[in-house]
Amino acid sequence: MLTIKDLHVNIDEKEILKGLNLEVKAGEVHAIMGLNGAGKSTLASTIAGRGDYTVTKGTIEFMGKDLLELEPHERVGEGLFLGFQYPVEIPGVSNLNFLRTALNSVRKYRGEEDVSAADFMKLVREKAAALKMNPDMLKRFVNVGFSGGEKKRNEMVQMAILDPKLALLDETDSGLDIDALKTVAEGINAQRRDDTAVVLITHYQRLLNYVQPDVVHVMLDGKIVKSGGKELAAELEEKGYAEVA
Ligand code: ADP
Ligand code: MG
Ligand code: MG
């Protein structure tokens, strides 16, 4: 589903990613762990297609296509979803309008008709209920005045509605209390299927107590330096990055 080969990325003139390789197959959940500054968010931003990140070498293939040739909205249309550490607030735009616009733009990219108002409301209510979101929050402006946990819950509802092939979640677990963490984990686990994949970028082991990864990677200085099963996360927690990587 996602194949990254020898990826080198610069921000300004500085090389941040220094030959990163990663292969994610359908049906898998991967965790990428690493200390602050390892380049995890740079990887997420590069996959999202943020303009200030320059790929100087290497390839990214997603769903059989050259990802780097696609515009950010085309990447979303192909089935990519990115969850950010700090979800943005959008004053003046209701959550419902935002979700409907996002869903219809993905449908348009796939050559599908707009979703009907009735079908949309049914879908949103179902997904919000599954993630225990208070329906009143759907009418509020996107993330405005939401607590940290509510923003993450909202992000899980967005993900469930867009139903991506690949979800890449950057420190979606940071700063959450245990209830919010469990909600995020439920959202991720609900998205886990034979035809989807999830990449969790995380600092800590604790989300991995609720979402069992198939593969764990350790990232250090712009590269993946070690990969293993879920026991690698526990080993990192116990011994620290210096000893393991
Ligand atoms: P992580 O997410 O693993 O903490 P980042 O990808 O955020 O790591 O950062 C990796 C490195 O890139 C750090 O040394 C950071 O200072 C640098 N960096 C990140 N963003 C920028 C930027 N916009 N301009 C310059 N340097 C940056
Ligand atoms: Mg960081
Ligand atoms: Mg980061």
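Structure's up top.
Residue positions within a chain follow its written sequence, with the count starting from 1. Working convention: letters from A go to chains and numbers from 1 go to ligands, in the order in which they are written. Whole-chain, interface and lining totals are the exception, using all residues; otherwise, since this is a predicted model, local features are given only for residues with pLDDT of at least 70 and side-chain atom pairs are given and counted only at 80 or more. With hydrogens and water set aside, each side-chain value is computed from the structure's full complement of heavy atoms.

A. Representation of the overall build of the protein. The helix and strand inventory of the protein stands at 8 helices and 12 strands. Radius of gyration (C-alpha) of the protein: 18 Å, near the 18 Å computed for a compact globule of 245 residues. Its C-alpha atoms give the protein principal-axis dimensions of about 55 × 40 × 35 Å. We call a residue buried when its accessible area falls under 20% of the maximum for its residue type, exposed when it is over 50%, and partly exposed in between, using a 1.4 Å probe and counting protein chains only. For the protein, the residues scored as buried account for 49% of the 245 residues in total. Contacts were defined at the residue level, with two residues in contact if any of their heavy atoms lie within 4.5 Å. Taking all contacts inside the protein whose residues are at least 6 apart in sequence as the whole, residues at least 24 apart take part in 68%. Neither His nor the chain ends contribute to the count of charged residues, in which Lys and Arg are positive and Asp and Glu negative. By convention, charge coordinates are those of NZ in Lys, CZ in Arg, CG in Asp, or CD in Glu. Across the protein, 31 positive and 38 negative side-chain charges occur, with their mean positions spaced 3 Å apart. Strands are runs of DSSP state E lasting at least two residues, helices are runs of H or I lasting at least four, and both sets are numbered from the N terminus onward. Here the globule rule is a power law, 2.2 Å times the number of residues to the power 0.38, and the radius of gyration is based on C-alpha atoms.

B. Fine view of the sheet that holds strand β1 (residues 2-11). If you trace the 4 strands from one edge of the open sheet to the other, you get β2-β1-β4-β5, paired in antiparallel fashion. Of all strands in the sheet, those with a lone pairing partner are β2 (14-24) and β5 (65-66), marking the two edges. Note on pairing: two strands pair once DSSP finds at least 2 bridges between them. In this sheet, β2 lies alongside β1 in antiparallel orientation, the contact comprising 8 bridges. Residue pairing for β2: threonine 3 is matched across the bridge by glutamate 23.

C. Quick peek at helix α4 (residues 117-130). Given the number of residues in a helix, its expected span is that number minus one, multiplied by 1.5 Å. Taking 1.5 Å of rise per residue, 14 residues should cover 20 Å, and α4 covers 20 Å from first to last C-alpha, within 8% of that figure. Buried within α4 we find Phe120, Val124 and Ala128. The buried residues of α4 all sit within an arc of 55° when viewed along its axis, so they share a single face. Turned more than 90 degrees away from the buried face of α4, the exposed residues are Ala118, Lys122, Arg125, Ala129 and Ala130. In the core, the buried residues of α4 are packed alongside α3 (95-109) and α5 (148-162). A positive backbone phi angle near 55° is found at lysine 132, which sits one or two residues after α4. An arc is given here, and it is the one of the directions from the helix axis to the C-beta atoms.

What is shown is where atoms sit, not what they do.
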